[in-house]
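# Coordinate inspection notes
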Amino acid sequence: MKQVRPKKNLGQHFLTDLSIAKRIADTVDVCPDIPVLEVGPGMGVLTQYLMEKPRPMKVVEIDTESVEYLNEHFPRLRDNVLGEDFLRMDLSKVFDGKQFVLTGNYPYDISSQIFFKMLDNKDLIPCCTGMIQREVAQRMASAPGNKAYGILSVLIQAWYDVEYLFTVDEGVFNPPPKVKSAVIRMTRNSATELGCDEVLFKRVVKTVFNQRRKMLRVSMKPLFAGHSVPDDFFQQDIMTKRPEQLTIQQFVELTNKVQDALGI
């Protein structure tokens, strides 16, 4: 079978550098002894190195042409090539409820959605690695006080330790993307609960970063639409800060203040 043609509508940029593929595959070693799920294997450049590791493995690929290619070129994997849309999968059924490592050369246009799904399944996924757009990787790994620090930084770092591992240039892909890529690794931290309402936490984080250049006393007002707020609520010291200045713990504390003010 001939090689798979990269499809623009699926955001396919096939990695061609085997040494980089092996380095990405080796990022899963931080979580040994549990299965691996690879997202978007394409023609299997990363898959071939993951298969060398002594652990169960499955791949999920939405592109039917790639599924045919994988079945033909990786017969050992044939029963474990899932021709599905990762974003629609029930991840608890992939390895019968067992934990697994998530990895892949992720399509740029859905990488954030992939990581939000990871967060929804954080008890199943103790480790996530892979390659994404460099700008997104920088946001995910950014510390408070940096311009890159934002919604992804806070929501992911609340549950995972994020490592920016290395940068990948455009020329090692077919077709070359217009931006640089980066390889990251996220490993579950020790948090079992945030210490606040998780749904409200997400809402607070997303609301204030929607107006990231404003002080909290301005950017938080949409949270209270239709509610009366205690007079001194917006007079607290924290309200003069901008969202990028807050640590995860400060966002937790802010969420509890919002909950008290809303009386919920």
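One can find the structure itself at the top, above this paragraph.
Quick look at the structure, then.

Conventions used here
- Residues numbered from 1 in each chain as written.
- Predicted model: local features only at pLDDT ≥ 70, side-chain atom pairs only at ≥ 80, totals over all residues.
- Heavy atoms only, no water.
- Helix = DSSP H or I, 4+ residues; strand = E, 2+ residues; numbered from the N terminus.
- Buried < 20%, exposed > 50% of the residue type's maximum accessible area, 1.4 Å probe, protein only.
- Contact = heavy atoms within 4.5 Å.
- Lys, Arg positive; Asp, Glu negative; His and termini not counted.
- Charge placed at Lys NZ, Arg CZ, Asp CG, Glu CD.
- Core = buried A, V, L, I, M, F, W, Y, C linked by side-chain atoms within 4.5 Å.
- Expected span 1.5 Å × (residues − 1).
- Salt bridge = Lys/Arg side-chain N within 4 Å of Asp/Glu carboxyl O.

Glancing now at the overall build of the protein chain. Scanning the protein chain for helices and strands turns up 9 helices and 9 strands. Out of the 264 residues belonging to the protein chain, those deemed buried represent 52%. Of all intrachain contacts in the protein chain linking residues separated by at least 6 positions in sequence, the fraction that spans at least 24 positions is 69%. Both charge centroids of the protein chain, one from 34 positive and one from 33 negative side chains, sit 5 Å from each other.

Attention now moves to the nonpolar core. Counting residues in hydrophobic clusters, the biggest one holds 59 residues, and the most contacted among them are Phe115 and Met220. Counting residues in hydrophobic clusters, the runner-up holds 29 residues, among them Leu15, Leu77, Val168 and Phe173.

This part covers helix H9 (residues 248-262). In an α-helix, one turn spans 3.6 residues, which is why side chains three or four residues apart end up on the same side. With 15 residues, H9 should reach 21 Å at 1.5 Å per residue; the first-to-last C-alpha distance of 21 Å fits that figure. Of all the positions in H9, only Phe251, Val252, Leu254, Thr255, Val258, Ala261 and Leu262 are classed as buried. Summarising the contacts, the buried residues of H9 are in contact with helix H6 (151-157), helix H7 (198-209) and helix H8 (216-219).

Time to look at the pattern of salt bridges. Two side chains with opposite charge may pair up if their charged atoms get near one another. Applying the stated rule across the entire model yields 12 salt bridges. For Arg88, the salt bridge goes to Asp85, with nearest N and O atoms at 3.5 Å. On the basis of relative accessible area, Arg88 is assigned to the exposed category, the value being 74%. Salt-bridge contacts for Lys122 lead to Glu198; the nearest nitrogen and oxygen are separated by 3.7 Å. Note that Lys122 is positioned in the loop between helix H4 (111-120) and strand E6 (127-133) and Glu198 in helix H7, a separation of 76 residues in sequence. Among the charged side chains, a salt-bridge network with shared partners connects Lys22, Asp26, Asp29 and Lys53.

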